[in-house]
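Structure at a glance
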Amino acid sequence: YLTPDCVTGGARAVPDYTATITDTDSENLDGRVVAYNRADAIILCFSLINKASFKSIKNKWLKELEQHCSNTPIILVGTHSDAVHSSNIKKKDIVTVQHIQKLLEDAKIIHSYCESSALTKEGLSDVFEQTFDAAWIGPVRLVMRMRTVHQSTMDKLKDYLVPCFFKKHKNI
């Protein structure tokens, strides 16, 4: 989740944001639900060289995320992109482009998809850029939920929570 770190010297300052990344325990649903409720974006990873990992995205994780945080943007990440073309990997273990495209068509809650390699660092910056871009939706969601709050209070919240977002996307 993103929290503003504002330092003002008299004038209104644009806040810097701090990202908190939480790796949830796959066995503790209650702990995951707490993390989901605080998330502005979710990075959901699977291994491109392990079909069982990909199947768990469809059969477990997306169902759980739809139930607990269907409005939170999800960035689906295929990891181990460096190993896909390795001669050491069996073809039957590789997740194909067709499998990924089918999942993206079926799972409407996925905001975006990218691939990365921790070994070569290829694609890592793209993962975080897409995540931070998607995370701006979170504060907007908060403001939209607070429509019952007095308009001037909502304006103050907008100014505090998402100054960069509203400058970037003036049509909101």
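An account of the accompanying structure is given in this report. All values derive from a computational prediction rather than experimental measurement. (Residues numbered from 1 in each chain as written. Predicted model: local features only at pLDDT ≥ 70, side-chain atom pairs only at ≥ 80, totals over all residues. Heavy atoms only, no water.)

1. Comments concerning the overall build of the chain
Along its length, the chain carries seven helices and five strands. Residues counted as buried form 36% of the 172 residues belonging to the chain. Within the chain, residue pairs in contact and separated by at least 24 positions form 69% of the contacts whose partners lie at least 6 positions apart. Looking at the chain as shown, the accessible area adds up to about 10,900 Å², and 53% of this sits on carbon and sulfur atoms. (Helix = DSSP H or I, 4+ residues; strand = E, 2+ residues; numbered from the N terminus. Buried < 20%, exposed > 50% of the residue type's maximum accessible area, 1.4 Å probe, protein only. Contact = heavy atoms within 4.5 Å. Areas by Shrake-Rupley, 256 points an atom, 1.4 Å probe, with all protein chains shown as cover.)

2. Quick notes on the sheet that holds strand S3 (residues 42–47)
Spatially, S3-S4-S5 is the arrangement adopted by the three strands of the open sheet, whose pairing is parallel. Both edges of this open sheet fall to S3 and strand S5 (110–115), since each of them pairs with a single strand only. Across this sheet, the average inter-strand angle for adjacent strands is 25°, counted without regard to direction. When S3 meets strand S4 (residues 74–79), the two strands line up parallel, connected through six bridges. Within S4, the residue paired with Ile 43 across the bridge is Ile 75. Against the sheet, helix H2 (residues 51–69) contacts S3, S4 and S5, and its axis sits at roughly 165° relative to S3. Across the sheet, helix H3 (residues 97–106) touches S3, S4 and S5, and the angle it forms with S5 is around 165°. (Pairing = 2+ DSSP bridges. Axes fitted to C-alpha atoms, helices over the stretch in contact; angles between N-to-C directions.)

3. Digging into the packing of helix H1 (residues 29–38) against H2
In the contact formed by H1 and H2, the axes pass within 10 Å of each other and the chain directions differ by 60°. When the axes of H1 and H2 are compared, the pair comes out oblique. The two elements H1 and H2 meet at a crossing, and its hand is right-handed. On H2, the residues that touch Leu 29, Arg 32, Val 33, Tyr 36 and Asn 37 of H1 are Lys 60, Trp 61, Glu 64, Leu 65, His 68 and Cys 69. (Parallel < 35°, antiparallel > 145°, perpendicular 65-115°, else oblique. Left-handed = near helix turned anticlockwise from the far one by under 90°.)

4. Notes on H1
Regarding H1, the residues found buried are Arg 32, Val 33, Ala 35 and Tyr 36. Projected down its long axis, H1 carries its buried residues within an arc of 165°, all on one side. Turned more than 90 degrees away from the buried face of H1, the exposed residues are Asp 30, Val 34 and Asn 37. Among the structural elements, S3 and H2 are those in contact with the buried residues of H1. (Arc of directions from axis to C-beta.)

5. Quick word on unusual backbone geometry
For His 80, which is not glycine, the phi torsion reads 65° and is therefore positive. The topology assignment puts His 80 in the loop between S4 and H3. Judged by its relative accessible area of 39%, His 80 is partly exposed. A positive phi angle, near 65°, is found at Lys 121, a position not held by glycine. Here Lys 121 shows up in the loop between S5 and helix H4 (124–135). The class for Lys 121 is exposed, based on a relative accessible area of 58%.

6. Structural notes on the environment of Ile 110
Residue placement: Ile 110 occurs in strand S5. On a C-alpha basis, the gap between Ile 110 and Leu 44 in space is 9.3 Å, while along the polypeptide they are 66 residues apart. Residues contacting Ile 110, with those up to four places away along its chain left out, are Leu 62, Ile 74, Leu 76, Leu 103 and Leu 104.

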